[in-house]
Amino acid sequence: MKHLFKYGILLVLLSTLVQCKKHSAKPTGLVTKNAMVVSAREEASVIGAEILEKGGNAFDAMVGTELALAVAYPFAGNLGGGGFMVYRKNNGDVGALDYREKAPLSAHKDMYLDSLGNVIEGKSTKGATAVGVPGTISGIFEVHEKFGSLPIEDILSPVIALVERGVIVTEKQALRLEYYREQILEVNGDNTLFFNSCNVGDTLKYPALGNTLRRIAENGRDEFYKGETAKKLVSFIQEKGGYVTLEDLEKYEAIWRQPIIFKYKDLRIISMSPPSSGGVTMNQILKMIEPYDISSFKHNSTKAIQLFTEASRRAYADRNYYLGDPDFVDIPLDVLLSQKYLTERMADFTFDQATLSSDIERGNIQISESSETTHYSIVDQEGNAVSVTTTLNGAYGSKLYCDELGFFLNNEMDDFSAKPGVPNMFGLIGAQANSIAPEKRMLSSMTPTIVEKDNKLWLVIGSPGGATIITAVTQTILNAYEFNMSMQEAVDAPRFHHQWLPDHIVFETEGFSTSLKNSLKSKGYNINEDRTPILGKVDAVRVLPDGRLEGGADYRGDDTAVGF
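The text that follows walks through the structure, step by step, so that each part is easy to find. (Residues numbered from 1 in each chain as written. Predicted model: local features only at pLDDT ≥ 70, side-chain atom pairs only at ≥ 80, totals over all residues. Heavy atoms only, no water.)

1. Concerning the packing of helix 3 (residues 58-72) against helix 5 (residues 152-165)
Their axes nearest at 9 Å, the elements helix 3 and helix 5 cross at an angle of 20°. Classified by the angle between their axes, helix 3 and helix 5 sit roughly parallel to one another. Of the two elements, helix 3 crosses helix 5, and the hand of that crossing is right-handed. Across the interface between the two elements, D60, V63, G64, L67, A68 and V71 from helix 3 touch I152, I155, L156, V159, L162 and V163 from helix 5. Its residues assigned to classes, the contact of helix 3 with helix 5 shows 10 nonpolar, 1 polar and 1 charged. (Axes fitted to C-alpha atoms, helices over the stretch in contact; angles between N-to-C directions. Helix = DSSP H or I, 4+ residues; strand = E, 2+ residues; numbered from the N terminus. Parallel < 35°, antiparallel > 145°, perpendicular 65-115°, else oblique. Left-handed = near helix turned anticlockwise from the far one by under 90°. Contact = heavy atoms within 4.5 Å. Nonpolar A, V, L, I, M, F, W, Y, C, P; charged D, E, K, R; others polar.)

2. Structural notes on the sheet that holds strand 2 (residues 36-39)
Strands in a sheet are paired, the pairing made by backbone hydrogen bonds, and the direction either parallel or antiparallel. Read across the open sheet, the 7 strands follow the order 7-4-3-11-10-2-20; overall the sheet is antiparallel. Looking along the sheet, the strands with just one partner apiece sit at the ends: strand 7 (255-257) and strand 20 (560-563). Between one strand axis and the next, the sheet turns by 15° as a mean value, whatever way the strands run. Pairing of strand 10 (residues 373-379) with strand 11 (residues 385-391) involves 7 bridges; the strand directions are antiparallel. Note on strand 11: the bridge partner recorded for Y376 is V388. Lying on the sheet, helix 4 (residues 136-147) is in contact with strand 3 (82-88), strand 4 (94-99), strand 7 and strand 11; it crosses strand 4 at an angle near 150°. (Pairing = 2+ DSSP bridges.)

3. Some points on the pattern of salt bridges
Scanning the model with the defined rule gives 34 salt bridges in all. One network of salt bridges, with partners in common, ties together D98, R257, D325, D327 and R441. (Salt bridge = Lys/Arg side-chain N within 4 Å of Asp/Glu carboxyl O.)

4. Digging into the nonpolar core
Counting residues in each nonpolar core, the largest one holds 84 residues, and the members touching the most others are M62 and M85. Element by element, the count of residues in this core is highest for helix 3, at 11 residues. Apart from the residues within four sequence positions on either side, M62 is in contact with M85, Y99, I140, V143, Y376, I378, V386 and V388. Among the nonpolar cores identified, the runner-up in size contains 82 residues, and M446, I450, L459 and I527 belong to it. (Core = buried A, V, L, I, M, F, W, Y, C linked by side-chain atoms within 4.5 Å. Buried < 20%, exposed > 50% of the residue type's maximum accessible area, 1.4 Å probe, protein only.)

5. Re helix 11 (residues 278-289)
For helix 11, with 12 residues, the first-to-last C-alpha span of 17 Å sits near the 16 Å given by 1.5 Å per residue. Buried residues dominate helix 11, accounting for 12 of its 12 residues. Burial in helix 11 covers these residues: G278, G279, V280, T281, M282, N283, Q284, I285, L286, K287, M288 and I289. (Expected span 1.5 Å × (residues − 1).)

6. Comments concerning the pairing of strand 4
Burial within strand 4 is extensive, with 6 of its 6 residues counted as buried. Of the two faces of strand 4, the one carrying V94, A96 and D98 and the one carrying G95, L97 and Y99 are both buried. Note that strand 3 and strand 4 share 6 bridges and pair antiparallel. Within the sheet, the bridge partner assigned to F84 lies in strand 4 and is D98. Linking strand 3 back to strand 4 in an antiparallel pair, the connection comprises 5 residues, with G92 at a positive phi of about 95°.

Here's what the structure looks like:
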């Protein structure tokens, strides 16, 4: 009888635990059985998915999707920029690739200053003087050489076909092109492909890009860094007054790096390491939040926003001061990511009153970098996953378009600190850790991320958005995990942002009531009252309990999930 009583109690306890365990949110995004690609344009997602259907793996699809975005989404997709990839193979192996742009060999810390030591306006933001050494082509060939399964010609073939077929201009694309048209003409003159205005429904064709891609398909990586394309590119940049040389291109190499890996409750998060600040900063934010039961607060409630904001302001303060290219700067990651340090950082936090950013150590460094980036997430039929964020930095990069080769060039040199204490085009006031040096990689906020749950692949996620990338990705993970949203709901949910300085919370236009903002104001929080743009465009994939895949394609752009 005693044993039966004990057995009964055990059953009740087990039943309670099962009931308390969250049920997986019902999917509301596209659901597919085998594989999925989510990117900023349907054309790129389709090409990635078709590569998978033909028997390619996630890494083959990465190459095709990356180059298809250069065709369909030249706003940020590129041959003339760079990026980061985080991967997880189906056996659990993880890693990261850094194909971020580099400073030319002739670069030096004062290269954008005049004789009086003042920053020369526009020199690091527009035209050839702003261009860093591109890394994208090196990156895709590094991925293909290590993990690819299909011949490179087969992967590039549908991309070249897309170039020849042309891309239909969407409403959002037409608005972007018109908005930046005068700046593009200012840099390139009237004799450029983008001289004519583009209207919704027009077809954009890049015949020169098709020729460039054919040469790359035939001659491989060396075509871009040593061959005919390299010579044409260097000649073009130098004719326009830029610094990139053939030696710069020949010396460029993408680097395999150890990702930032950490636990948040029962999640294992794999994200990008420096020179991306994404993984480190997200690690700090989540570990500062972890001791609190944030799921007991209503989503986007006063308390939830307070907790996230206070963790963010402390993490961004550290980000701005300590982080840079790890090949040039010693970064104290063992301290920054230790639980003891993070507990101390939150010791003065209270729900009663805001902490002033001026009271947080490491002051006077403001961050507000480019939001013109793009992200894509891929899961293949074998369970391999890649998360990739790539960029030209500004919208259409430096605005410099090489008509002979068919692509825009980056303005990544502006992501360095042109002069400590002086803001760049996005308001970023840099520290010495991110000063300019030959062959150095500039600091970034890109946060390609993969999340495991119960030791299995669960989320593949990332976003554009400059300084807001980190908070957009982190909030979307919390939406899915703590607030039990579907992947699409987690992506669509209204977002907010705080980055230490300026000391205010930025809210998206929709989804936050006046009473909520007043509640935060009463506790001493500053609210940005200006109409704010969207905060990120998250593209993500969730693995459902039955193994199917749910896509989360951000409605804020033309983003599309495609799979089978």
